[in-house]
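# Fold and geometry: a report
The lines below spell out each chain.
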Amino acid sequence: MNKRWSLSLFSKTVLALLWFAFTLAMVGWWWVYSLRQTEFKDSAHRMFFWEGSSLIAFVIVGGGMLVFLTHRDERRHERLKFFFSNFTHDIKTSIARLQLQAEVLKEQTKDQDPVFQRLVNDVQRLDLQLENSLWFANLEESSLFLEDISLVQVLDALKHDFTDYGIHIEGDAQILADRRALNSVLRNLLQNSVAHGKAKNSRMKITAADSAVKVLITDDGIGFSGAMDQLGGEVLQQQGSRGNGLGLLLSKKLLRKMKGNLTFMASTAGRGFQVEILLPRSRRGA
Amino acid sequence: MKSILLVEDDESLGETLTLRLKKDYDVQWAQTMKSAVDLFRAGGKFDLVLLDVGLPDGTGFELVEIIRKITSVQFLFLTAQSDAESRLRGFELGAEEFIPKPFHLKELLLRIDHIFRAHEPKNEKLILKNCVVDFQSMSIQKQNEAAVFPTVNEMKVLKFLVDKSPQVVSRDQIMDAVWGVDKFPSQRTIDNIILHLRTLLGAEGESSIRSVRGIGYQWIKNMGGQ
């Protein structure tokens, strides 16, 4: 990653330098050529001399500033990236520490104290919020690692995140997706069902077509009575509900990045919420 | 008992994880790259290494490159550094799993168990009523007859059918599993291989490999007796 980063830094600064050198050479050539013309009168010669000198001075100052600012911007970008990388590492390790202690304590408590489960759930929510913020801050630049994944494996792993929630899976298919991004999408959708839909169960039906795999997720919550076209389209103003739509917006963007799609199906209040995920099917098939 | 080496620089995480893993495995914990390498150089034998990527004196990737020169132990990454480039590098180095932090204890234990089970030596023999198929020596031995040696692809098709049983597998799935996604042998090739396998398996061939019209083939366990 560092090698790729230094290459990009090198390219941007070098591009600015190349532009500077080329422009300065062209202006310099034009100036020297004009001054050598003997048919010009003295006044014209003087005019070429002073205007040319001013132009060259501006090109040198402007070009120099461009190279300097490009370099400074790149350095700042590099520092920001370094900060994000360290911040992510430190905060994720801290959350891992907290989650592991809570899970070990929960395992050791024979009478299954609900406080430990609540603690685990809260740590997971914190992790999801952090993950969403990190994705959002770096979505344009972050690359994905698309791999062959068994969809049922990814969906099954969600049962560890939502232990008190019923996840019922029908079917399976091999897909081409980024495991971390897909996990974020699914966690956001389920968190939405739990926190805003008050759902207790979700049914996930997988159907595979020639080149795409469809996952229809239906929960048994209170559904959504607002404007469906606003969901996943923008960060919403908070009105009564605690959510701002960031998770759904991010889910949509991540799926598009994986060459998939997310559609919110028409929902009737009180009759659950339904979303459809489309993902590219792996050539290896199910 | 299986042995695990945990390479984790975080004191609290390392200590808790070591204590928990010790319930099921023989665990040693190293906090730096150097101490992990020293354990291997001192002749330490481990069945699995759980590695963090960010270590105080190097990276988990560098550590794997050193360990690989000493032993061929299985390893998995347990790290907060889970960007696409890191995951790609981890899998390129041969990681069994790449588990991002924070992780679920149960999920980690399941994945460790899965790795151990996946690498257990398996019985590679398929015993039928009148013959024995040995996938290791790639042979089929009928009673009172000399062993015959089918082609590698024929054995791969048979193994795939047996592994997937009772699922019906399509010709496309067989092609992908045996030849890979980049090669496209004709469907007739698959049919010829099945025909030859049935002949080699004798009387049980017809009953064990069922043709499913419009889809492909199925290995029938009960009749074949796997």
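Residues numbered from 1 in each chain as written. Chains lettered and ligands numbered in written order. Predicted model: local features only at pLDDT ≥ 70, side-chain atom pairs only at ≥ 80, totals over all residues.

Moving on to the overall build of chain B. Within chain B, the regular secondary structure consists of 10 helices and 13 strands. Nonlocal contacts in chain B, meaning residues at least 24 apart in sequence, comprise 48% of its contacts between residues at least 6 apart. (Helix = DSSP H or I, 4+ residues; strand = E, 2+ residues; numbered from the N terminus. Contact = placed C-beta atoms within 7 Å.)

Now for the overall build of chain A. Across its full length, chain A carries 6 helices and 7 strands. Listing the helices and strands of chain A from first to last along the sequence gives α-α-α-β-α-β-β-α-β-β-α-β-β. A total of 286 residues make up chain A; the buried ones form 25% of that total. Within chain A, contacts between residues at least 6 apart in sequence are counted, and of these 69% link residues at least 24 apart. (Buried ≥ 20, exposed ≤ 12 C-beta atoms within 10 Å, placed from the backbone.)

Right, let's talk about helix α1 (residues 11-21) of chain B for a bit. Residues three or four positions apart in an α-helix share a direction because the helix packs 3.6 residues into each turn. Residues and elements named next belong to chain B. For α1, the set of buried residues is L13, T16 and L17. In a view along the axis of α1, the buried residues occupy a sector of 95°, so they form one face of it. Of the exposed residues in α1, the ones pointing more than 90 degrees away from its buried face are E11 and L19. (Arc of directions from axis to C-beta.)

In this structure, V7, V49, L50 and L51 of chain B are the most contacted members of the largest nonpolar core, which totals 35 residues. Setting aside residues up to four positions removed in sequence, L50 of chain B forms contacts with I4, L6, V7, L76 and L78 of chain B. By size, the runner-up hydrophobic cluster in this structure holds 30 residues, among which are L155, I206, L250 and F273 of chain A. (Core = buried A, V, L, I, M, F, W, Y, C linked by C-beta atoms within 7 Å.)

Residues and elements named next belong to chain B. If you check which residues of helix α4 (residues 84-92) are buried, you get S86, R87, R89 and G90. The buried residues of α4 occupy an angular sector of 165° when the element is viewed end-on, so they sit on one face. Structurally, α4 contributes buried residues whose contacts are with α3 (60-70), β6 (74-79) and β7 (97-100). Downstream of α4 by a residue or two, G94 has a phi angle that is positive, lying close to 100°.

All right, on to the sheet that holds strand β11 (residues 169-170) of chain B then. Residues and elements named next belong to chain B. Read across the sheet, 3 strands follow the order β11-β13-β12 without closing on themselves; strand pairing throughout is antiparallel. Lying at the two open borders of the sheet, with one neighbouring strand each, are β11 and β12 (209-212). Taken together, the 4 bridges between β12 and strand β13 (residues 216-219) define a ladder with antiparallel strand orientation. Note on β13: the bridge partner recorded for R210 is Q218. (Pairing = 2+ DSSP bridges.)

Time to look at the interface of chain B and chain A. The interface is formed by 27 residues belonging to chain B together with 25 residues belonging to chain A. Contributing elements (two or more residues each) for the side of chain B that touches chain A: α1, α4, α5 (105-118) and α7 (171-179) of chain B. Top contributing element to the side of chain B that touches chain A by residue count: α1 of chain B, with 5 residues. In terms of residue class, the side of chain B that touches chain A is built from 10 nonpolar, 7 polar and 10 charged. (Nonpolar A, V, L, I, M, F, W, Y, C, P; charged D, E, K, R; others polar.)

Right, let's talk about the sheet that holds strand β2 (residues 166-170) of chain A for a bit. Residues and elements named next belong to chain A. The strand order β2-β4-β5-β7-β6 describes an open sheet built from 5 strands, whose pairing is mixed. For this open sheet the edge positions go to β2 and β6 (261-264), each flanked by a neighbour on one side alone. Across the sheet, the mean angle separating the axes of adjacent strands is 15° when strand polarity is ignored. The sheet contact formed by strand β4 (residues 201-208) and strand β5 (residues 212-219) spans 7 bridges and is antiparallel. Across the sheet, S202 pairs through a bridge with D219, a residue of β5. Contacts from helix α6 (residues 246-257) reach β6 and β7 (274-280) within the one sheet, and its direction differs from that of β6 by about 145°. (Axes fitted to C-alpha atoms, helices over the stretch in contact; angles between N-to-C directions.)

Looking now at the confidence of the model for chain B. Per-residue confidence for chain B gives a mean pLDDT of 87, with 95% of residues at or over 70. For this predicted complex, the interface confidence comes out at an ipTM of 0.72, alongside a pTM of 0.70. (pLDDT = per-residue confidence, 0-100.)

Now for the packing of helix α2 (residues 42-108) of chain A against α1 of chain B. Between α2 of chain A and α1 of chain B, whose axes approach to 9 Å, the crossing angle comes to 30°. By the angle between their axes, α2 of chain A is roughly parallel relative to α1 of chain B. Here the hand of the crossing between α2 of chain A and α1 of chain B comes out left-handed. Residues T93, A96, R97, L100, Q101 and V104 of chain A of α2 of chain A lie in contact with α1 of chain B, whose contacting residues are S12, L13, T16, L17 and R20 of chain B. Tallied by class, residues from the contact of α2 of chain A with α1 of chain B come to 5 nonpolar, 4 polar and 2 charged. (Parallel < 35°, antiparallel > 145°, perpendicular 65-115°, else oblique. Left-handed = near helix turned anticlockwise from the far one by under 90°.)

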